[in-house]
Amino acid sequence: MGEKDIYIERLSQQLDEWKAEILELEIKAENSAETVQVQCEQALNALKDYYESTEASLEDWIESSEDTWEMLEEMVEQKMDVAATAIKQAIQHIRMLLA
């Protein structure tokens, strides 16, 4: 397995973890008071949109050639760092709403 494949596998695992967290938060939000549900709905929608955008980027990176990957790798790392920060903050915000 090449460097790209290892990196893509790690990113895929991270996305799977985020997806599971989002699902857990959705379930908790559905089972909370209506006012909390309303507050969480907008935050969850924004979180899901950001997740889906990151997931779509990953699909593009998977399809990239090895030569293209070498040029993309630094940009991918930066995008994933930004995504990780944004998604973690959004998850934390929703958890506070649900507390």
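Since we're looking at a predicted model, the values are computed, not measured. (Residues numbered from 1 in each chain as written. Predicted model: local features only at pLDDT ≥ 70, side-chain atom pairs only at ≥ 80, totals over all residues. Heavy atoms only, no water.)

A closer look at a negative patch on the surface
Under the convention used in this document: Every patch collects residues that have over 30% relative accessible area and no salt bridge, joining them within 9 Å if they carry like charges and within 5 Å if they are nonpolar side chains (Val, Leu, Ile, Met, Phe, Trp, Tyr). Accessible surface area values rest on a Shrake-Rupley calculation with a 1.4 Å probe, where residue burial reflects the displayed protein chains alone. One speaks of a salt bridge when a side-chain nitrogen belonging to Lys or Arg is within 4 Å of a carboxyl oxygen belonging to Asp or Glu. Positive charges are assigned to Lys and Arg, negative charges to Asp and Glu, while His and the chain termini are left out of the count. To locate a charge, take NZ of a lysine, CZ of an arginine, CG of an aspartate or CD of a glutamate. Only DSSP runs of H or I covering at least 4 residues are called helices, and only runs of E covering at least 2 are called strands; the numbering of each starts at the N terminus. Exposure classes here rest on a 1.4 Å probe applied to the protein chains alone. A residue is buried below 20% of its type maximum, exposed above 50%, and partly exposed in between.
The grouping of Glu 3, Asp 5, Glu 66, Asp 67, Glu 70, Glu 74, Glu 77 and Asp 81 at the surface amounts to a negative patch. Breaking the negative patch down by element, the ones donating at least two residues are helix H1 (3-30) and helix H3 (66-98). A total of 6 residues in the negative patch trace back to one element, the largest contributor, which is H3. For Glu 77, the position within the fold is in helix H3. Judged by its relative accessible area of 35%, Glu 77 falls in the partly exposed class.

What to know about the pattern of salt bridges
Here the structure, examined in full by the defined rule, presents 3 salt bridges. In this structure, Glu 21 engages Arg 95 in a salt bridge whose closest nitrogen and oxygen atoms are separated by 3.0 Å. Of this pair, Glu 21 sits in helix H1 while Arg 95 sits in helix H3, and the two are 74 residues apart along the sequence. Note on Arg 95: relative accessible area 35%, which makes it partly exposed. The closest approach of N and O atoms between Lys 48 and Glu 26, which form a salt bridge, is 2.6 Å. Remark: Glu 26 occurs in helix H1 and Lys 48 occurs in helix H2 (residues 34-63); sequence separation between them is 22 residues.

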